[in-house]
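Architecture at a glance
The primary structure of each chain is shown beneath.
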Amino acid sequence: MKSILILSHAMELGGAEKSLLGLLNAIDSKKYQVDLFLMRHEGSLLEDIPENINLLPEIPAYTVLARPLKDVIKERHFILAFGRIVGKIKARSYEKKRNIIDSGVGLEYSHKYTVPYMPKIQKQKVYDMAIQFLTPHYFVEQKVRAKKKIAWIHTDYSKVQINVESELKMWKKYDKIVSISDAVTESFLKVFPDLKDKIVVIENILPEQLIYKQMDEFDVSEEMFSEGVKLLSIGRYCYAKTDNIPNICSRMLNKGINITWYIIGFGVAEELIKEKIREEKMENHVILLGKKQNPYPYIKACDIYVQPSRYEGKSVAVREAQLIKKPVIITNYSTAKSQLENEIDGLIVPMENKDCADQMVEIIQDVEKLRKISEACSKRDYSNKREVQKLYKLFE
């Protein structure tokens, strides 16, 4: 039996975490023994980890990366706090010199400058394969013994600012790099063309049976109580995902369409989105549902699922909505055409708020088009279960 270690951050309610669940469900437990190491035993999806997966004990040192520095110091992780402080100072210096803000350098450096002080993971064991599922990819490379090491990409690299030289050194140490779509591969190779021979595409695998089971777990009619067309979006409360919704909704209402737009999510920009809702006077039409462990009854209850993102790698929530046979509308972010077939199993609209609103109004009025898209979704397999065969081939 082959042994696999998969390392990830936690099991919060997010697209990458759901695709990890899909992968864990798809791996043949008769042929592969899987250990899962989570830096933090946190998140609403923790209880959904399959029983045949061996969840390794939490190692306290790895939990410090996502917690306030004052707590890390209070718990006497002094050397790890030092590493984080060094990483923060160097990241700020790098960003200041290049006049950039909100880059991915801070997260990368946080891991880069703490990894030397981290303990080994299962130091007595040599795995046949070790996978680091979320970036930055320092821990599997330096703290796990394995015959083959794999790093996963979930991000559209055309939309993030990074230290290319630093990350290239990190990526080069892996035997293979897994991308979740052709579009994500293309954006990654524009930044790292020298890594072309390492990259392979394995699309997100959805936990299909779990989704079908959970979508009927409870009734959401008291929360999604409005008349008219019910729109739903799922995503972090942030600039990249949801902060444009109040303005788009306002524009649509001004055209005489009766809609209510529900949002499932959480994030640092929650107050900003609430402020935008107040500015647009959308309190009765844009409803924040908050964080939901099980979003599937809400997807089932909506009329149209909308992903109004500014960028995505490949949205798991869109695939989940298609699996539940809902018509889907997405904005024309750079990887949109790899997400769905426009006018066939979903619709792509402009990203600019006015044009987005105009086209969404036209779509909502075209009931027959929406019916055909829903019908097309019902004939397709969105679980991607066969993608796990590509993982098995990486053992060769």
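Residues numbered from 1 in each chain as written. Predicted model: local features only at pLDDT ≥ 70, side-chain atom pairs only at ≥ 80, totals over all residues. Heavy atoms only, no water.

**Some words on the pairing of strand E2 (residues 32-38)**
- Counting buried positions over the seven residues of E2 gives six, a clear majority of the element.
- Remark: the strand E1 (residues 2-8)/helix H1 (residues 15-26)/E2 crossover connection has right-handed handedness.
- Relative to strand E3 (residues 54-55), E2 runs parallel, the two sharing two bridges. Residue aspartate 35 lies in a different strand from E3, and its bridge partner there is asparagine 54. (Buried < 20%, exposed > 50% of the residue type's maximum accessible area, 1.4 Å probe, protein only. Helix = DSSP H or I, 4+ residues; strand = E, 2+ residues; numbered from the N terminus. Right-handed = clockwise from strand over helix to strand, strands pointing away. Pairing = 2+ DSSP bridges.)

**Brief notes about the layout of surface pockets**
- Of the pockets and cavities examined, the second largest pocket occupies roughly 150 Å³.
- Considering the residues around the second largest pocket, the lining is formed by Tyr109, Lys112, Val115, Tyr138, Glu141, Gln142, Asn163, Glu165, Ser166, Lys169, Met170 and Lys173.
- Those elements giving two or more residues to the lining of the second largest pocket turn out to be helix H5 (105-112), helix H6 (139-143) and helix H7 (164-172).
- A per-element tally of the lining of the second largest pocket places H7 first, with four residues.
- Residue classes in the lining of the second largest pocket are distributed as four nonpolar, three polar and five charged. (1 Å grid on protein atoms, 1.4 Å probe; cavity = no way out; pocket = protein on both sides within 12 Å on 5 of 7 lines; lining within 4 Å. Points joined across faces, edges and corners; volume = space filled by probe spheres on them. Nonpolar A, V, L, I, M, F, W, Y, C, P; charged D, E, K, R; others polar.)

**Quick notes on the sheet that holds strand E13 (residues 347-349)**
- In space, the six strands of this open sheet follow the order E10-E9-E8-E11-E12-E13, with parallel pairing throughout. Either end of the sheet is taken by a strand with one partner, and the two such strands are strand E10 (286-290) and E13. The mean inter-strand angle of the sheet, taken between neighbouring strand axes irrespective of direction, is 25°.
- In the sheet, strand E8 (residues 229-234) pairs with strand E11 (residues 304-307) via two bridges, with the strands oriented parallel. By the bridge assignment for E11, leucine 231 is matched with isoleucine 304.
- Sheet contacts for helix H13 (residues 316-323): E8, E11 and strand E12 (328-331); angle to E11, the most-contacted strand, approximately 165°.
- This element, helix H15 (residues 353-365), spans E8, strand E9 (259-264), E11, E12 and E13 of the sheet and lies at about 150° to E13. (Axes fitted to C-alpha atoms, helices over the stretch in contact; angles between N-to-C directions. Contact = heavy atoms within 4.5 Å.)

**Looking at unusual backbone geometry**
- With an omega dihedral of 0°, the bond running from threonine 135 to proline 136 counts as a cis peptide bond.
- Relative to the helices and strands, proline 136 is located in the loop between strand E4 (129-132) and H6.
- A positive phi is found at asparagine 99, a non-glycine position, where the angle reads about 55°.
- Following the sequence through the fold, asparagine 99 ends up in the loop between helix H4 (78-98) and H5.
- With phi around 55°, lysine 281 is a residue other than glycine that occupies positive phi space.
- Relative to the elements of secondary structure, lysine 281 occurs in the loop between helix H11 (270-279) and E10.
- Judged by its relative accessible area of 66%, lysine 281 falls in the exposed class.

**A closer look at the side chain of glutamine 132**
- As for its placement among the helices and strands, glutamine 132 is situated in strand E4.
- Within the structure, the side chain of glutamine 132 is placed 3.5 Å from the backbone oxygen of leucine 134, a separation counted as a polar contact.
- Excluding residues within four positions of it along the chain, glutamine 132 makes contact with Leu7, Met39, His137, Tyr138, Phe139, Val140, Ile150, Ala151, Trp152 and Tyr174. (Polar contact = N/O pair within 3.5 Å; in protein donor to acceptor, adjacent residues only side chain to side chain.)

**A few points about the sheet that holds strand E7 (residues 199-201)**
- A sheet is described by the order of its strands in space; here seven strands give the open sequence E3-E2-E1-E4-E5-E6-E7, paired in parallel fashion. Only two strands of the sheet have a single partner each, and these edge strands are E3 and E7.
- Across the sheet, H1 lies against E1, E2 and strand E5 (149-153), angled at about 170° from E1, the strand it touches most.
- Against the sheet, helix H8 (residues 182-191) engages E5, strand E6 (176-179) and E7, with an angle of about 160° to E7.

**Considering H13**
- Taking burial as the measure, the eight residues of H13 include eight buried ones, the bulk of the element.
- Those residues of H13 not exposed but buried are Val316, Ala317, Val318, Arg319, Glu320, Ala321, Gln322 and Leu323.
- Its side-chain oxygen 3.4 Å from the backbone nitrogen of alanine 317, serine 315 forms the N-cap of H13.

These values are about where atoms sit, not about what they do.
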